[in-house]
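The residues making up each chain are set out below.
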Amino acid sequence: MADTTGKPLLEVKDLEAWYGESHILHGVGIEVHPGEVVTLLGRNGAGKTTTLRAIMGLVGRRRGSIKYNDRETIGLRSDLIARAGIAYCPEERGIFASLNVTENLMLPPTVAPGGLGIDEIYKLFPNLKERANSQGTKLSGGEQQMLAIARILRTGAKLLLLDEPTEGLAPVIVQQIGAMIREIKARGFTVLLVEQNFRFAQTVADRHYVMEHGRVVDMVGNDELLTSLDRLHQYLGV
Amino acid sequence: MLETIEGLIGVPAPLLFGQLLLGLINGAFYAMLSLGLAVIFGLLNIINFTHGAQFMMGAFVAWMLLAWAGLGYWWAMLLSPLIVGFSGIILEKVFISRLYKLDHLYGLLLTLGLGLIIEGVFRNEFGSSGLPYRIPAELSGAWDLGFMFMPIYRGWVVVAALFFCIATWLIIEKTRLGAYLRAATERAELVQAFGINVPRMITLTYGAGVALAAVAGVLAAPIYSVNPQMGSNLIIVVFAVVVIGGMGSILGSIVTGFGLGIVEGLTKVFWPEASATVIFVIMAIVLLARPAGLFGKA
Ligand SMILES: Nc1ncnc2c1ncn2[C@@H]1O[C@H](COP(=O)(O)OP(=O)(O)OP(=O)(O)O)[C@@H](O)[C@H]1O
Ligand SMILES: [Mg+2]
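(A) Focus on the sheet that holds strand S2 (residues 22–32) of chain A. Residue and element names in this part refer to chain A. The strand order across the open sheet built from four strands is S2-S1-S4-S5, with neighbouring strands paired in antiparallel fashion. At either end of the open sheet lies a strand with only one pairing partner, and these are S2 and strand S5 (71–72). Two strands pair when backbone bridges link them, and strand S1 (residues 10–19) and strand S4 (residues 61–68) are joined in this way by seven bridges, in the antiparallel orientation. By the bridge assignment, Lys13 is partnered in S4 with Ser65. Of the strands in this sheet, S1, S2 and S4 touch helix H1 (residues 48–55), which is tilted by about 110° from S1.

(B) Expanded view of the sheet that holds strand S6 (residues 86–89) of chain A. Residue and element names in this part refer to chain A. Ordered by their spatial adjacency, six strands build an open sheet running S6-S7-S8-S3-S9-S10, and the pairing between neighbours is mixed. The open sheet terminates on both sides in strands that have one partner only, identified here as S6 and strand S10 (215–221). Neighbour-to-neighbour, the strand axes of this sheet turn through a mean angle of 20°, independent of strand direction. By the bridge criterion, six bridges tie strand S9 (residues 207–212) to S10 in an arrangement that is antiparallel. Among the inter-strand pairings, Tyr209 is bridged to a residue of S10, identified as Met219.

(C) Spotlight on the pattern of salt bridges. Within the structure shown, the criterion is met by 15 salt bridges over all chains. In this structure, the salt-bridge partner of Glu36 of chain A is Arg207 of chain A, at a minimum N-O distance of 2.7 Å. One end of the pair, Glu36 of chain A, is in the loop between S2 and strand S3 (37–42); the other, Arg207 of chain A, is in strand S9, with 171 residues separating them in the sequence. You can call Glu36 of chain A buried: its relative accessible area is 1%. As a salt-bridge pair, Glu143 of chain A and Arg131 of chain A come within 3.5 Å of each other at their nearest N and O atoms. Separated by twelve residues along the polypeptide, Glu143 of chain A in helix H6 (residues 141–153) and Arg131 of chain A in the loop between helix H5 (126–130) and H6 bring together distant segments of the chain. Of the residues examined, Glu143 of chain A reaches a relative accessible area of 14% and is grouped as buried. Classification of Arg131 of chain A by relative accessible area gives partly exposed; the value is 27%. One network of salt bridges, with partners in common, ties together Arg53 and Glu92 of chain A together with Arg187 and Glu189 of chain B.

Rules behind the numbers
- Residues numbered from 1 in each chain as written.
- Chains lettered and ligands numbered in written order.
- Predicted model: local features only at pLDDT ≥ 70, side-chain atom pairs only at ≥ 80, totals over all residues.
- Heavy atoms only, no water.
- Pairing = 2+ DSSP bridges.
- Helix = DSSP H or I, 4+ residues; strand = E, 2+ residues; numbered from the N terminus.
- Contact = heavy atoms within 4.5 Å.
- Axes fitted to C-alpha atoms, helices over the stretch in contact; angles between N-to-C directions.
- Salt bridge = Lys/Arg side-chain N within 4 Å of Asp/Glu carboxyl O.
- Buried < 20%, exposed > 50% of the residue type's maximum accessible area, 1.4 Å probe, protein only.

Shown next as structure tokens:
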């Protein structure tokens with residue numbers, strides 16, 4: 001179990017974010033402790049993706065406080081945020097069509113020591129080795145998702161932001177991704193995971209934040225999940 | 001063998017090969033310039049209308065290095081791209097970088113205006129009659145190929161242009177830096193979120209594209225006289241080449257550049273009256289049949 005008593009690795013306070021004129025986040029607060037897997041749950045349009053993008057410095061304008069490792073990052077450019085040790089796997093996966101699988105895998109530069117070596121990556125994701133020279137976007141959806149996650153495990157970043165890695169994938173692939181998340185948690189990575197499917201979230205996470213209309217409205221520990229089902233059903237409309 | 005060729009096509013062989021060589025040389029310049037445009041367009045999404053002026057600057061800097069500092073051709077090959085490329089970096093930092101969030105039209109107007117200003121400044125300073133630049137001693141003279149005399153310098157231009165084109169292509173397609181470039185061309189924001197300083201990469205890419213134009217300018221200096229209009233005359237054809245090849249395609253710009261130079265040369269042999277317009281006719285046909293260009297992705 002992750003240590004949730006000490007200092008959080010990621011501490012988001014009063015985060016507001018805008019896309020152009022649209023005010024999307026209205027004071028989001030999140031804490032993620034080292035070694036934890038924490039999910040953001042919420043309906044379509046609740047602001048989950050925007051929260052990850054805001055942490056990564058990818059929104060037009062943001063305000064509030066985002067501390068990583070006790071260091072304020074709200075004023076940093078996205079490349080410097082990445083260099084600080086946060087890695088992002090976008091909802092659309094972001095596999096580059098003009099790069100082959102190996103080039104996609106090797107694209108993110110190393111930002112810190114301690115990332116997985118290429119051998120370990122191939123052990124976790126054997127398909128990526130077999131398809132090394134294929135065009136990145138020729139992989140199946142599941143393989144592309146594996147590639148999108150694998151490439152950020154290499155960099156040495158300790159906090160991974162994963163945006164709906166199971167979206168649109170077959171149940172057996174979803175299970176593989178679940179196993180993989182547990183594996184990287186066991187290796188000491190910290191994960192902030194966006195999910196719509198809380199049955200999946202339940203199998204990998206320590207805690208869950210619920211978002212609505214650009215705010216965090218609730219927080220549930222994984223052990224309380226079953227007793228909070230009614231509440232969650234209401235939030236998520238399932 | 002030469003008689004056979006003459007018999008087959010009804011033109012004297014030296015004329016044919018002479019025009020082929022001229023076509024190849026023009027093609028070398030088309031290829032280098034459209035390559036620079038493609039590199040810049042890919043990442044910056046700006047059609048660099050200053051390109052012709054930067055080609056001209058490359059030739060002028062070579063002339064100035066010789067006339068004012070006594071530095072010859074080989075120094076110019078090294079220094080002129082650095083100097084002109086650096087001026088490009090300043091242009092990008094000061095002006096062009098402000099336009100990325102705006103409509104393409106602004107980039108077009110800005111770079112066109114900058115080109116006109118640069119050309120005007122050079123015309124004011126140097127007049128428009130043109131300055132001579134001598135072929136370096138190592139490359140003067142001609143080889144007797146049996147069927148024609150081949151000026152060594154012209155052969156050198158083709159070889160050097162091929163070298164720069166292939167080197168650029170290799171860097172973009174086969175290196176890690178090239179992978180960053182290709183990825184940023186697709187989705188710059190994500191590449192930056194991986195920790196790469198994309199704004200700096202954009203600036204340097206613009207500088208590199210401009211440096212390619214300057215190299216072409218140095219190569220051109222001994223062939224065409226060095227004059228302020230040398231870029232704007234050439235660049236109009238180059239834009240047609242770019243449209244035919246497909247905007248932003250690296251390989252497309254190289255192949256189309258050399259290919260169209262050769263087509264133009266052959267047209268001079270077989271239908272001289274059409275040679276000035278053949279590229280534009282091809283452009284019209286390509287636009288009708290494949291609007292994204294021969295190598296462009298529709
Ligand atoms: N680029 C953008 N410009 C303007 N508004 C945007 C943009 N991206 C998202 N939005 C708006 O921001 C709000 C939150 O979107 P966001 O993508 O963060 O939701 P989400 O919780 O990730 O939803 P989903 O579960 O569908 O992925 C939505 O109302 C959306 O329409
Ligand atoms: Mg989303």
